[in-house]
Amino acid sequence: MKRNIILAIAFGVGALSANAQSGTNSPYSQYGLGVLTDQSQGTSRGMNGVGLALRRGNVVNSLNPASYSAVDSLTMIFDIGLSGQITNFKEGNGKKNANNADFEYVVGSFRLLPKVGASFGILPYSNIGYEYSSTATLNETFGSVPVTTKGSGGLHQAFVGIGWNVVKPLSIGANVAYFWGTFERSVSSSSTTYVNDFSRKYSGNVNSYLVTLGAQWEQPLSRKDNLTLGVTVGLGHKLRSSYTIENGDSTVYDATNVLSVPMTYGVGLGWTHGTKWFVGADVMMQKWGSVDFPGSVQSGANTVYALRSGLLKDSYKVNVGADYVPNSSSRNLLSRVHYRIGAGYATPYYYINGKEGPKEMSVSAGFGIPLQNSYNNRSILNISAQWAHTSAKDLITENTFRINLGLTFNERWFAKWKVD
């Protein structure tokens, strides 16, 4: 069984390396660092990403590294996730559908020392992927020419984390990640005469790090009820990176270490009732408004490219969700299934032509189905569906239906076997 799990993890890592950059068709991914991804795993995805206060010994929860200290001392946990989605784009009377399928994450967790848990894995950070055609006016004499706008790439992270139960109610933790990726965006025209008037290429490369700190305080309310407070802080800093802008055949901007990630703050509250209920709510804020980003500035008759403030804005996300299992020790399969629901609201982190980008509303529902075989009865198949509506006045409206599949392997690798 261990060999099969290791092979599955190796396959997942390979699939992530090959496909992590193709997780969207959204034209909004042309702004900033792209469309930011959901960082949660299978259990949380059925609750629309809730997890800052989630504290369980049988799941991996990378949203808050303090949760690693809850991992069972006898087990090795692996979680592999993939997703498929259909998105409908609407602008005026025009509509278009697009499909995506991706191997999203591979994470693992185990008990490192008494009261200390560890985790590792690969997660996406952002996706860039779009292509569309339009027309642009060159001048009154020539009129309009066809223009193609497209982009691809993305950023991802390979992390290791540790969580320590300092005293009974308090746990703290940290994730440290190698952060890397490339992206390319371009604007071009099929007009051979005026190709250089519209040709523009933006390319970036990142090889840096990310650090996230977390804490959880678990307060008993009664024999079965606990209230958990979770907080996280992601450190903002300049990235070791390069960024190049080319106009036609000439390079007009070539700089290093000009890309950045913002300070990120999260607060979550969760209520647990025995093994039946978990109800939680998360609030996240990312301080993108303090991050400068390369952009154009008009200097007389010339366009100059430089680091600019005011292209990005602080973003906020609120998620609520619940997980219910009728009877985790029942022999009836339906009584041991986890039933999950969630909802969320998020604001954008970028401006489009000086106006705020689209907001997102989403709802989700899912199941956690126990898997039982001759090896164990603690692994879980997590299935969830999410609908997300992204819109803003006079901009493209996106409606996305997404299916998430996650397989959590929970193996007793560290049990001591006794022979009578």
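The model shown is predicted, which means the values in this text are computed figures rather than measured ones.

1. Examining the overall build of the protein chain
Point 1. Per the secondary structure count, the protein chain includes 4 helices and 23 strands.
Point 2. Counted over contacts in the protein chain with a minimum sequence separation of 6, partners at least 24 positions apart contribute 65%.
Point 3. Counting only carbon and sulfur atoms, one obtains 57% of the accessible surface of the protein chain, whose full area is about 20,400 Å².

2. A few points about unusual backbone geometry
Peptide bonds are, in most cases, trans, and in most cases residues other than glycine have a negative phi.
Point 1. Although it is not a glycine, Asn257 sits at a positive phi angle of roughly 55°.
Point 2. Mapped onto the elements, Asn257 comes out in the loop between strand 11 (250-256) and strand 12 (260-261).
Point 3. Phi is positive for Asn353, close to 55°, though the residue is something other than glycine.
Point 4. Within the fold, Asn353 resides in the loop between strand 19 (351-352) and strand 20 (355-356).
Point 5. The class for Asn353 is exposed, based on a relative accessible area of 79%.

3. Looking at the confidence of the model for the protein chain
Point 1. Model confidence for the protein chain is summarised by a mean pLDDT of 88, while 87% of its residues fall at 70 or above.
Point 2. Here residues 1-8 scores under 50 on pLDDT; set against residues more than four positions off or in separate chains, the count is 12 contacts.
Point 3. Below pLDDT 50 for its whole length, residues 15-21 participates in 16 contacts with residues either more than four positions away or in separate chains.

4. Section: the packing of aromatic side chains
Point 1. A full pass over the atoms with the stated rule returns 13 aromatic pairs.
Point 2. A ring pair is formed by Tyr125 and Phe179, whose centres lie 4.8 Å apart and whose planes are at 75°; its orientation type is edge-to-face. Remark: Phe179 occurs in strand 6 (residues 170-189) and Tyr125 occurs in strand 4 (residues 116-139); sequence separation between them is 54 residues.
Point 3. A relative accessible area of 11% means that Tyr125 is categorised as buried.
Point 4. Summarising the aromatic geometry, the rings of Trp277 and Tyr324 are spaced 4.7 Å apart at their centres and angled 40° between planes, so their arrangement reads as tilted.

5. Some points on a nonpolar patch on the surface
Point 1. A cluster of nonpolar side chains, contributed by Leu82, Val363, Trp387, Phe401, Ile403 and Leu405, occupies part of the molecular surface with about 490 Å² of accessible area.
Point 2. Element by element, the count of residues in the nonpolar patch is highest for strand 23 (residues 397-411), at 3 residues.
Point 3. Locating Leu82 in the fold gives a position in strand 2 (residues 76-91).

6. Observations regarding the environment of Gly161
Point 1. Note that Gly161 resides in strand 5 (residues 143-167).
Point 2. Residues Gly161 and Ala177, 16 residues apart in the sequence, show an inter-C-alpha distance of 8.4 Å.
Point 3. Not counting residues up to four positions away in its chain, the partners in contact with Gly161 are Tyr68, Gly117, Ala118, Ser119, Ala174 and Asn175.

7. Re the side chain of Ser26
Point 1. Summarising the element assignment, Ser26 is placed in the loop between helix 1 (2-19) and strand 1 (35-36).
Point 2. For Ser26, a relative accessible area of 5% puts it in the buried group.
Point 3. A polar contact of 3.1 Å, which involves the side chain of Ser26, links it to the backbone nitrogen of Tyr28.
Point 4. With near-sequence residues (within four places) excluded, Ser26 lies in contact with Val35, Phe89, Gly129, Tyr130 and Glu398.

8. Re the pattern of salt bridges
Point 1. Under the defined criterion, the tally for this structure stands at 9 salt bridges.
Point 2. With its nearest N and O atoms 3.8 Å apart, the salt bridge here joins Asp38 to Arg45.
Point 3. Residue classification places Asp38 among the partly exposed positions, given a relative accessible area of 30%.
Point 4. Taking relative accessible area as the criterion, Arg45 reaches 7% and is therefore assigned buried.
Point 5. Residues participating in the shared-partner salt-bridge network are Asp38, Arg45 and Glu104.

9. Here we look at the environment of Asn319
Point 1. Assignment of secondary structure puts Asn319 in strand 17 (residues 315-324).
Point 2. Taking the relative accessible area as the measure of exposure, Asn319 reaches 8% and is therefore buried.
Point 3. Between the C-alpha atoms of Asn319 and Gly51, which are 268 residues apart in sequence, the distance is 9.3 Å.
Point 4. The residues contacting Asn319, other than those within four sequence positions of it, are Asn48, Gly49, Val50, Gly280, Ala281, Asp282, Ala343, Gly344 and Tyr345.
Point 5. Among the polar contacts made by the side chain of Asn319, one reaches the main-chain carbonyl oxygen of Asn48 at a distance of 3.1 Å.

10. Regarding the nonpolar core
Point 1. Of all hydrophobic cores here, the largest spans 39 residues; its most connected members are Leu33, Tyr125, Phe179, Tyr243 and Leu259.
Point 2. Counting residues per element, the ones that place at least two in this core are strand 2, strand 3 (94-113), strand 4, strand 5, strand 6, strand 7 (200-220), strand 10 (241-247) and strand 11.
Point 3. The element best represented in this core is strand 4, accounting for 4 residues.
Point 4. Phe103, Val106, Ala118 and Phe409 belong to the second largest nonpolar core, which has 8 residues in total.

11. Focus: the pairing of strand 11
Point 1. Note: strand 10 against strand 11, 6 bridges, orientation antiparallel. Along strand 11, the bridge assignment pairs Glu246 with Thr251.
Point 2. The antiparallel hairpin formed by strand 10 and strand 11 contains 2 residues in its connecting segment, where Gly248 sits at a positive phi of about 60°.

12. Observations concerning the environment of Thr75
Point 1. Within the element layout of this structure, Thr75 appears in the loop between helix 2 (42-45) and strand 2.
Point 2. Along the sequence, Thr75 and Phe110 sit 35 residues apart, while their C-alpha atoms lie 6.3 Å from each other.
Point 3. Within the local environment of Thr75, its side chain forms a polar contact with the backbone oxygen of Asp72, the two atoms lying 3.4 Å apart.

Criteria and cut-off values
Residues numbered from 1 in each chain as written. Predicted model: local features only at pLDDT ≥ 70, side-chain atom pairs only at ≥ 80, totals over all residues. Heavy atoms only, no water. Helix = DSSP H or I, 4+ residues; strand = E, 2+ residues; numbered from the N terminus. Contact = heavy atoms within 4.5 Å. Areas by Shrake-Rupley, 256 points an atom, 1.4 Å probe, with all protein chains shown as cover. Buried < 20%, exposed > 50% of the residue type's maximum accessible area, 1.4 Å probe, protein only. pLDDT = per-residue confidence, 0-100. Phe/Tyr/Trp six-rings, centres within 6.5 Å; stacked < 30°, edge-to-face > 60°. Patch = residues over 30% accessible without salt bridge, like charges linked within 9 Å, V, L, I, M, F, W, Y side chains within 5 Å. Salt bridge = Lys/Arg side-chain N within 4 Å of Asp/Glu carboxyl O. Polar contact = N/O pair within 3.5 Å; in protein donor to acceptor, adjacent residues only side chain to side chain. Core = buried A, V, L, I, M, F, W, Y, C linked by side-chain atoms within 4.5 Å. Pairing = 2+ DSSP bridges.

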